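# Reading the structure
Here is how the chains run, residue by residue.
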Amino acid sequence: MVVLEVTFWVCVALIVWTQLGYALALAALARMRAIALPAQREDSHRHPLKEGVSDPHVTLIVAAHDEQDVIGAKIADALALDYPRELLQLIVACDGCTDATAERARRAGADLVLELPRAGKVRAQDSAVERATGAIVAFSDANSHWEPGALRELLSAFADPRVGYACGQVRFVQGAVGANASNQEGLYWRYELAVRSLESRLSSITAGNGAIYATRRDAYIVVDPIMGHDLSLPFNIVKRGLRAVYVPTARASEKMVPSLLGEFQRKRRMMSHTWPIVLRGGMLSPRGYPPLYALMIFSHRLLRYATPGLHALALAANVALVVIGAGPLYVVTLALQVALLLAALLAGALRARPLLLARYYVLTTASPAAGLYDWLRHGTPAWWDAAEGTR
């Protein structure tokens, strides 16, 4: 019984820590630091560039696979950025496109359009970086919309020579309404961005996003094509002695997947690319991590990905404790776990907001396990198709 109780409470404690306690600890640490060092209350990477004087030459790269419906709008969006046109190189890297993406990108005003065999987004980005002339290389998804000042805000981070990677704030907007618009990603994403902001203030971020980010040209890292930049670049850049920061004033938006099942499939695909980074890509090795950043990687990444296993162990230990009559407390904890699963199940029919949130939590918590299964069973391709409803 003692072994079961220890197993149960350790699992519960780790789940609570990664989902809530970690963020509260970061907030408390940031508050303590602000009190002790009042002059550093603002993000340390905020060194505004002088407009028209110190603007660096920038290459903006858009990797695209069969994006003919949105590529014209994306090029127009890039050309409307509040940044000197002569200092902006715009490259569209077509990853095995079978439609009119390349033609429409040229017509819309891209400086360089690369027509490449399909090898995945990362290899398309690698090819574009090889042709880049900018000291900073920025990246965007074909379906993301940047605010006019987003590029200048993103570049402001690089006025600090310690910064090698910067990502902006992407907001996910509901692109569909009606019966299928059940995704609750927006609520989770706001929480995730708050945690990211705290990580950036205290050390470096543990992950970025594909909609709006940039690196120094000489800090760009070529990674395995199945290992996306969102997760592999920040920690690898930190290992090289630079910072990876979050710039919330550099804003972009994308349509979210409308349905919860669609979101589960998207996260399952993402996790099939994440596990190779964790297990083979160097994330597990603490070499090169500052102590605080090592704790961040453990708390926000490794424990988060281990959450399906922690939930399964907690449930199994809880059932065993109830069976052997360990006490009424374990009946209550088992009832709470069963209630969460029932709420997630009922959300498909009743669609009440609390039930949808429960369903979102269960499905997204299960996605790391599903992604691991996919990777172990049949590997992970370097390419993928756009998620439903995001174009």
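### Section: the overall build of the protein
Secondary structure assignment for the protein yields 11 helices and 8 strands. Relative to the 2.2 N^0.38 estimate, which gives 21 Å for 391 residues, the radius of gyration of the protein is 22 Å and therefore close to what a compact globule would have. Relative to its 391 residues, the protein shows a buried fraction of 51%. Considering only contacts within the protein whose residues lie at least 6 apart along the sequence, 80% involve residues at least 24 apart. Here the protein displays about 17,300 Å² of accessible surface, and carbon together with sulfur accounts for 63% of that area. Separation between the mean location of the 40 positive side-chain charges and that of the 33 negative ones in the protein comes to 5 Å.

### Quick notes on the confidence of the model for the protein
For the protein, per-residue confidence averages 91 on the pLDDT scale, and 92% of positions sit at 70 or higher. Scored below 50 in pLDDT, residues 41-48 makes 24 contacts in the model with residues more than four places away or belonging to other chains.

### Considerations on the environment of Ala142
Residue position: Ala142 is located in the loop between β4 (136-140) and β5 (145-146). Residue classification places Ala142 among the buried residues on the basis of a relative accessible area of 5%. A sequence separation of 105 residues divides Ala142 from Val247, and the C-alpha atoms of the two residues are 20 Å apart. Not counting residues up to four positions away in its chain, the partners in contact with Ala142 are Val62, Ala63, Glu67, Val70 and Lys74.

### Thoughts on the layout of surface pockets
The calculated volume of the second largest pocket comes to roughly 480 Å³. Lining the second largest pocket are 18 residues, with Ile15, His311, Gln337, Leu340 and Tyr361 positioned closest to its centre. Contributions of two or more residues to the lining of the second largest pocket are made by α1 (2-36), α9 (291-323), α10 (328-350) and α11 (353-378). Looking at the lining of the second largest pocket residue by residue, the classes come out as 14 nonpolar, 4 polar and no charged.

### As for the side chain of Thr380
Mapped onto the elements, Thr380 comes out in the segment after α11. Judged by its relative accessible area of 13%, Thr380 is buried. Within the local environment of Thr380, its side chain forms a polar contact with the backbone oxygen of Ser272, the two atoms lying 2.8 Å apart. Apart from the residues lying within four places of it in its own chain, the contact partners of Thr380 are Ile226, Ser272, His273 and Trp375.

### Regarding the pairing of strand β3 (residues 112-116)
Regular strands place side chains that alternate from one sheet face to the opposite one. Bridge analysis of strand β2 (residues 88-95) against β3 gives 5 bridges, and the strand direction is parallel. Looking across to β3, one finds that Ile91 is bridged to Leu112. The handedness of the β2 to β3 crossover, carried by helix α3 (residues 101-108), is right-handed.

### What about the sheet that holds strand β7 (residues 213-216)?
With respect to topology, 8 strands assemble into an open sheet ordered β3-β2-β1-β4-β7-β6-β8-β5, the strand pairing being mixed. Single-partner strands in this sheet number two, and they are β3 and β5. Relative to β4, strand β1 (residues 58-64) is paired through 5 bridges, and the arrangement is parallel. Each bridged residue has a counterpart across the sheet, and for Ile61 the counterpart in β4 is Phe139.

### Description of the packing of helix α2 (residues 71-79) against α3
Two numbers describe a pair of packed helices, the interaxial angle and the distance between the axes. Orientation of α2 relative to α3, taken along the N-to-C sense of each, is 30°, at an axis distance of 8 Å. Between α2 and α3, the interaxial angle falls into the category roughly parallel. Along this stretch, α2 crosses α3, giving a crossing that reads as right-handed. Two secondary-structure elements touch here, α2 through Ile71, Gly72, Ile75 and Leu79 and α3 through Thr101, Arg104, Ala105 and Ala108.

### Here's the deal with the environment of Ala138
With respect to the helices, strands and loops of the structure, Ala138 is situated in strand β4. The contacts of Ala138, once residues within four sequence positions are left out, are Val58, Thr59, Leu60, Ile61, Trp146, Leu151, Tyr213 and Ala214.

### Here's the deal with α3
Those residues of α3 that sit buried are Thr101, Ala102 and Ala105. On an axial view of α3, the arc spanned by its buried residues comes to 95°, and they lie on one face. Looking at the buried positions of α3, the neighbouring elements they touch are β1, α2, β2 and β3.

### So, the packing of aromatic side chains
Aromatic ring pairs are described here by two measures, namely the spacing of the ring centres and the angle between the planes. Applying the stated criterion to the full structure yields 11 aromatic pairs. An angle of 65° between the planes, with centres 5.5 Å apart, marks the rings of Tyr289 and Tyr293 as edge-to-face. Since its relative accessible area comes to 11%, Tyr289 is described here as buried. Within the aromatic cluster, the residues linked to one another by ring pairs are Phe139, Tyr165, Tyr213 and Tyr220.

How each quantity is defined
Residues numbered from 1 in each chain as written. Predicted model: local features only at pLDDT ≥ 70, side-chain atom pairs only at ≥ 80, totals over all residues. Heavy atoms only, no water. Helix = DSSP H or I, 4+ residues; strand = E, 2+ residues; numbered from the N terminus. Rg over C-alpha atoms; globule rule 2.2 N^0.38 Å. Buried < 20%, exposed > 50% of the residue type's maximum accessible area, 1.4 Å probe, protein only. Contact = heavy atoms within 4.5 Å. Areas by Shrake-Rupley, 256 points an atom, 1.4 Å probe, with all protein chains shown as cover. Lys, Arg positive; Asp, Glu negative; His and termini not counted. Charge placed at Lys NZ, Arg CZ, Asp CG, Glu CD. pLDDT = per-residue confidence, 0-100. 1 Å grid on protein atoms, 1.4 Å probe; cavity = no way out; pocket = protein on both sides within 12 Å on 5 of 7 lines; lining within 4 Å. Points joined across faces, edges and corners; volume = space filled by probe spheres on them. Nonpolar A, V, L, I, M, F, W, Y, C, P; charged D, E, K, R; others polar. Polar contact = N/O pair within 3.5 Å; in protein donor to acceptor, adjacent residues only side chain to side chain. Pairing = 2+ DSSP bridges. Right-handed = clockwise from strand over helix to strand, strands pointing away. Axes fitted to C-alpha atoms, helices over the stretch in contact; angles between N-to-C directions. Parallel < 35°, antiparallel > 145°, perpendicular 65-115°, else oblique. Left-handed = near helix turned anticlockwise from the far one by under 90°. Arc of directions from axis to C-beta. Phe/Tyr/Trp six-rings, centres within 6.5 Å; stacked < 30°, edge-to-face > 60°.

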